[in-house]
Amino acid sequence: MNDTVNRAAADTVADWPVGEAAAGAILTIDLGAIRENYRRLKARLAGVRCAGVVKGNGYGLGAAQVASALTREGCGIFFVALLAEGIALRKAIGSRPDIYVLNGLPPGSEPEAVTADLCAVVNSGAQLHAWRAAAHAAGRRLPAAIQVDSGMSRLGMAPAEIETVAGDASAFDGIDVRYVMSHLACADEPRHPANEQQRLAFERLRTMLPRARASLANSSGIFLGPSYHHDLARPGAALYGINPTPGEPNPMLPVVRLQAKVAQTRHVEKGTGIGYGHTYHADGPLSLATISFGYADGWLRRSASAAWFEGVRLPFLGRVSMDSIILDVSALPPGRLREGDLVELLGPSQSVDDAAGHAGTIGYEILASLGPRFHRHYVGG
Ligand SMILES: *Cc1c(COP(=O)(O)O)cnc(C)c1O
């Protein structure tokens, strides 16, 4: 890894405003586990290239830190969603890696993408035209991935649009088409017929475009088998420890640990109202602990409703507040939990996928929601 990458990652951590003593909650991010997850995906890809998807600030965990860690595993291709993310990532990780902007470039922003040396993901004929004009203005060929819509109806050129550009001999002038790519809608359901339909549509649409490497698989797509691997895989979720094979054991290592501090403890008698709206009343004498952690930290109000301490489950009582949650700690020996102690919200006792399951959501949303107030502690980089 080059020095620029090292320094940028270190600065980002050092600049983080919240020290461990001052914070209400601590988010530990295991960059070593992310690296191991990358190696596991690479092993499964058997020689096919593997990018790192770091959109949404690296699924909430820090795009600069994650990308720097992956760079050390030899990863040289990153995907972000927005141009703004691409510009920030370029500053953080230096000039070497390729950075693709999945959502395409907003009209008029092409010069900024050129300045930051980013690769466009071209999703429409208009974007192709604008990138070609940017190449002309820059006086050099500009790199791009052409995204085709193989059946998700979200981003990428529609088949009719592909036919139009295919009939225009100069459509790709000045553009270095490095990949033709598409995205799977149902990859986490291996038996879903849309997977095969999309794969076949992708193979067909590719043939109409300039010859280039192909990329289709996200995390779950890698587990659909080699016919989905093509020349480049684009995993995000699996790198961050989210199970890419729902319903089967998670082949990835967990990456995050989230712990909240006990702000206060108390005992209450039977019948006492607890929290906003008194939605809960003590059904007997109870030991309570209030933690400095709430929905302002991105914990969805419907999310997993227990914390853990030394393997003991501590249920939430009453409503989640903005900055606090009241726990029933009666299962612990009296006085065992004290002010300043840490309880676990995510970690060995409760995985990201567990927490998501309780909330009727997906691990992606749990991670992407994690708020800015934590002390972030990076280990294993
Ligand atoms: C988010 C995204 C990915 C990564 O998907 P995961 O399910 O997180 O692995 C890959 N490709 C595209 C186009 C995406 O939007």
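Since the model is a prediction, treat every value here as computed from it, not as a measurement.

J.: I keep staring at the site of the ligand and nothing clicks. Help me out?
T.: Residues in contact with the ligand amount to 14 residues; listed here are only the nearest, Lys55, Tyr59, Ser219, Ala237 and Tyr364. Measuring from an oxygen atom of the ligand, one finds a side-chain N or O atom of Tyr59 at 2.5 Å. Take Ser219: an N or O atom from its side chain is 2.5 Å from an oxygen atom of the ligand. Among the residues forming the shell around the ligand, the class breakdown is six nonpolar, five polar and three charged.

J.: So what exactly am I meant to see when it comes to the domain arrangement of the protein here?
T.: Many structure descriptions define interface size as the accessible area lost when the parts assemble. Considered domain by domain, the protein is made up of domain 1 (31-240) and domain 2 (256-350). Just the C-alpha atoms count here: the centres of domain 1 and domain 2 sit 42 Å apart.

J.: What's the story with the packing of helix α4 (residues 63-71) against helix α5 (residues 83-93) in this structure? I'm lost.
T.: Each packed pair of helices is defined by two parameters, the angle between the axes and the distance between the axes. Relative to each other, α4 and α5 sit at 50°, their axes nearing to 9 Å. The angle between the axes of α4 and α5 places the two elements in the oblique class. Considering only the axes of α4 and α5, their crossing is right-handed. Contact with α4, carried on its side by Ala63, Ala64, Ala67 and Ser68, involves Leu89, Ala92 and Ile93 of α5 and no other residues of that element. Residue composition of the contact of α4 with α5, grouped by class: six nonpolar, one polar and no charged.

J.: Help me understand the nonpolar core, please; the structure alone is not making it clear to me.
T.: Taken as a class, soluble globular proteins show a tendency for nonpolar side chains to be buried jointly. In this structure, Leu61, Trp131, Leu258, Phe293, Val343 and Leu345 are the most contacted members of the largest nonpolar core, which totals 114 residues. Of the domains in this structure, domain 1 (31-240) and domain 2 (256-350) are the two that each give at least three residues to this core. Val268, Ile274, Leu286 and Leu288 belong to the second-largest nonpolar core, a separate cluster that totals seven residues.

J.: Help me understand the pairing of strand β14 (residues 286-291) in this model?
T.: Looking along a regular strand, one sees the side chains alternate between the two faces of the sheet. For β14, the tally of buried residues reaches six of six residues, placing the bulk of the element in the interior. Pairing geometry for strand β11 (residues 256-268) and β14, over six bridges, is antiparallel. Bridge pairing links Gln264 to Thr290 in β14. Bridge count between β14 and strand β17 (residues 325-328): four bridges; the pairing is antiparallel. Within the sheet, the bridge partner assigned to Ile291 lies in β17 and is Ile325.

J.: Help me understand unusual backbone geometry, please; the structure alone is not making it clear to me.
T.: Excluding glycine, most residues fall at negative phi; most peptide bonds, likewise, are trans. Even without glycine at this site, Ala46 takes up a positive phi of about 45°. By the secondary structure assignment, Ala46 is in the loop between α2 (31-45) and β2 (49-50). For Asp117, which is not a glycine, the phi torsion comes out positive at approximately 60°. Mapped onto the elements of the fold, Asp117 is located in the loop between α6 (110-115) and β6 (119-122).

J.: Could you clarify how one ought to interpret the packing of α2 against α4 in this entry?
T.: At a closest axis distance of 9 Å, the pairing of α2 and α4 adopts a crossing angle of 50°. Judged on the interaxial angle alone, α4 and α2 are oblique. Regarding α2 and α4, the two cross each other, and that crossing is right-handed. Contact residues: Leu31, Ile34, Arg35 and Tyr38 in α2; Gln65, Val66, Ala69 and Leu70 in α4. Residues of the contact of α2 with α4, tallied by class, amount to six nonpolar, one polar and one charged.

J.: It is not clear to me how the pairing of strand β4 (residues 77-80) should be interpreted in this structure. Could you clarify?
T.: Both faces of β4 are covered, namely the face carrying Ile77 and Phe79 and the face carrying Phe78 and Val80. Across two bridges, strand β3 (residues 52-53) lies against β4 in parallel orientation. Looking at β4, one finds that Val53 is bridged to Phe79. As paired elements, β4 and strand β5 (residues 98-101) share four bridges and run parallel to each other. Among the inter-strand pairings, Ile77 is bridged to a residue of β5, identified as Asp98. Considered for its hand, the β-α-β crossover made up of β4, α5 and β5 is right-handed.

J.: Help me understand the pattern of salt bridges, please; the structure alone is not making it clear to me.
T.: Where charged atoms from two side chains of opposite charge come close, those side chains can pair. Within this structure, the stated rule accounts for 13 salt bridges. A salt bridge links Arg35 to Glu73, with the shortest nitrogen-to-oxygen separation between them at 2.7 Å. With Arg35 in helix α2 and Glu73 in the loop between α4 and β4, this pair connects stretches of sequence that are 38 residues apart. You can call Arg35 buried: its relative accessible area is 16%.

So, how was this worked out
- Residues numbered from 1 in each chain as written.
- Predicted model: local features only at pLDDT ≥ 70, side-chain atom pairs only at ≥ 80, totals over all residues.
- Heavy atoms only, no water.
- Near = heavy atom within 4 Å.
- Polar contact = N/O pair within 3.5 Å; in protein donor to acceptor, adjacent residues only side chain to side chain.
- Nonpolar A, V, L, I, M, F, W, Y, C, P; charged D, E, K, R; others polar.
- Domains from an automatic or database assignment.
- Axes fitted to C-alpha atoms, helices over the stretch in contact; angles between N-to-C directions.
- Helix = DSSP H or I, 4+ residues; strand = E, 2+ residues; numbered from the N terminus.
- Parallel < 35°, antiparallel > 145°, perpendicular 65-115°, else oblique.
- Left-handed = near helix turned anticlockwise from the far one by under 90°.
- Contact = heavy atoms within 4.5 Å.
- Core = buried A, V, L, I, M, F, W, Y, C linked by side-chain atoms within 4.5 Å.
- Buried < 20%, exposed > 50% of the residue type's maximum accessible area, 1.4 Å probe, protein only.
- Pairing = 2+ DSSP bridges.
- Right-handed = clockwise from strand over helix to strand, strands pointing away.
- Salt bridge = Lys/Arg side-chain N within 4 Å of Asp/Glu carboxyl O.

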